[in-house]
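In case you want the letters, here they are:
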Amino acid sequence: RSIILNPAYFRNHLRQAAAFRRLERYSEAARSAMIADYIYWLTGGTEQRISKLIKLYWQAMIEEAITREKSFSVMYTPFATEVKADKINKIKDVFAKKHPAYVEHIYTNPHGFHVLPQTAAWPSLPPQKYLLTLGFRNKRIGKVLERWSNRKLPIFSDWKSPFRPLAEEEIKRYWDNTGKKIVQVMNFIRSTKLTDNLCACSCGIEKLHYASILGRLQRVEEQSQVINQAMAELATVPYLQDVSQHDAELLQLLMADAMDTLEGRSDNRRVWNKIQKAGLTEDYLDQAEDSYLKKKRLRIAGTENKKMKRTQSTQQHYSLGNMKLSLTSPKDTAT
């Protein structure tokens with residue numbers, strides 16, 4: 001709430017980082033520290049000592065998050081110009097050699113860039129850019145994450161239909177199997193990504209989606225906390241990057257939606273409801289396409305398998321015929 005009231009005060013973000021660290025939510029602590037350091041320089045801070053301490057805190061939180069994470073591993077690759085597909089393939093090969101236990105699904109995010117505390121010199125030169133490569137033990141989680149990160153509206157689901165209300169047990173199963181794991185990865189990605197070139201409000205949208213799931217699970221207190229975090233993210237956006245007129249209007253509408261939810265007011269015409277429905281529909285269509293392509297591949301593989309069996313059967317029959325012919329005596333042949 002202090003960030004919402006004054007997002008330009010770096011100590012508010014630093015205190016949030018300390019709170020997240022005490023809660024052992026190290027990725028979120030790292031993001032708050034990153035923002036604190038950037039806001040410090042943006043608002044006229046000049047003491048290198050203070051900035052260095054904040055960066056050390058940010059770095060420690062990233063390292064703690066990586067150390068404790070067991071489901072995925074990461075690699076940062078510096079770059080200067082646009083990265084093409086062949087370069088990304090080489091990066092994936094390097095990752096596979098370094099992290100052989102996390103190769104079920106490897107993904108390098110080509111959108112935007114990441115910043116590490118060791119090279120983030122905000123007031124002078126632009127910081128060194130890094131590509132983030134993620135490797136997963138679970139292929140399905142990796143594919144869901146890749147699908148999410150390539151869209152403007154970061155909404156994800158495993159739901160069979162976006163128009164059918166789910167039972168509470170279905171929602172709980174979805175959250176335990178997919179949602180909770182994706183949120184952990186999303187939080188880590190944000191720990192070194194100050195801005196977003198797809199949608200300025202994407203981080204706030206992620207939090208609102210998370211809050212929506214918590215609401216469906218009847219976890220009201222947690223939902224309230226996450227909505228406040230979403231509002232803090234949205235309030236900070238104009239200080240982190242240039243915001244277009246469209247994004248500024250979207251930001252205001254999302255803030256109003258979040259406030260209405262906190263105060264218990266409901267309205268199906270909210271912009272958040274439209275975003276959620278559009279995101280879930282897109283996710284449903286992606287899953288339908290994946291299912292169709294999978295069945296198509298299975299049909300093609302089945303057809304090829306039948307052709308191969310027929311060919312082998314014909315060859316075996318031909319070989320047996322030749323064998324019988326070679327065993328026949330000259331007299332029998334003449335007869």
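Thresholds applied
- Residues numbered from 1 in each chain as written.
- Predicted model: local features only at pLDDT ≥ 70, side-chain atom pairs only at ≥ 80, totals over all residues.
- Heavy atoms only, no water.
- Buried < 20%, exposed > 50% of the residue type's maximum accessible area, 1.4 Å probe, protein only.
- Helix = DSSP H or I, 4+ residues; strand = E, 2+ residues; numbered from the N terminus.
- Polar contact = N/O pair within 3.5 Å; in protein donor to acceptor, adjacent residues only side chain to side chain.
- Contact = heavy atoms within 4.5 Å.
- Phe/Tyr/Trp six-rings, centres within 6.5 Å; stacked < 30°, edge-to-face > 60°.
- Axes fitted to C-alpha atoms, helices over the stretch in contact; angles between N-to-C directions.
- Parallel < 35°, antiparallel > 145°, perpendicular 65-115°, else oblique.
- Left-handed = near helix turned anticlockwise from the far one by under 90°.
- Nonpolar A, V, L, I, M, F, W, Y, C, P; charged D, E, K, R; others polar.

Per an unreviewed UniProt entry, the chain goes by the name SPT16 protein and belongs to Scopus umbretta.

Peer 1: Can you lay out helix 6 (residues 139-149) for me, pointing to particular residues and giving the numbers?
Peer 2: Within the sequence span of helix 6, burial applies to Ile141, Gly142, Val144, Leu145, Arg147, Trp148 and Ser149. Sitting at the amino-terminal end of helix 6 is Asn138, which places a side-chain oxygen 2.9 Å from the backbone nitrogen of Arg140.

Peer 1: Break down the side chain of His13 for me, citing the residues and quoting the values.
Peer 2: Considering the arrangement of structural elements, one finds His13 in helix 2 (residues 10-22). According to the relative accessible area criterion, His13 is buried, its value standing at 2%. Those residues within four positions of His13 in sequence are excluded, and the remaining contacts are Ile3, Pro7, Ser32, Ile35, Ala36, Ile39 and Thr236.

Peer 1: Can you explain the packing of aromatic side chains? Please cite residues and give values.
Peer 2: Scanning the entire structure with this criterion turns up nine aromatic pairs. For the pair Tyr9 and Phe10, a centre-to-centre distance of 6.2 Å together with 65° between the ring planes defines the contact as edge-to-face. Assessed through its relative accessible area of 34%, Tyr9 is described here as partly exposed. Take Phe10: its relative accessible area is 10%, and that puts it in the buried class. Residues Phe72 and Phe136 carry aromatic rings whose centres are separated by 6.1 Å and whose planes lie at 45° to one another, so their mutual orientation is tilted. Pair noted here: Phe72 is in strand 1 (residues 72-79) and Phe136 is in strand 3 (residues 129-136), with a separation of 64 residues, a long-range link.

Peer 1: Could you give an account of the packing of helix 3 (residues 26-42) against helix 4 (residues 48-68), naming the residues involved and the relevant values?
Peer 2: At a closest axis distance of 8 Å, the pairing of helix 3 and helix 4 adopts a crossing angle of 160°. As summarised for this structure, helix 3 and helix 4 are arranged roughly antiparallel, according to the angle between their axes. In this structure, helix 3 meets helix 4 at a crossing whose hand is left-handed. Contacts between helix 3 and helix 4 involve Tyr26, Ser27, Ala29, Ala30, Ala33, Met34, Ala36, Asp37, Tyr40 and Trp41 from the former and Gln48, Ile50, Ser51, Ile54, Lys55, Tyr57, Trp58, Met61, Ile62, Glu64, Ala65 and Arg68 from the latter. The class makeup of the residues in the contact of helix 3 with helix 4 is 15 nonpolar, three polar and four charged.

Peer 1: Could you give an account of the side chain of Asn12, naming the residues involved and the relevant values?
Peer 2: Tracing the sequence through the fold places Asn12 in helix 2. A distance of 3.2 Å separates a polar side-chain atom of Asn12 from the backbone oxygen of Ser2. Apart from residues no more than four positions distant in its own chain, Asn12 is found in contact with Ser2, Ile3 and Asn6.

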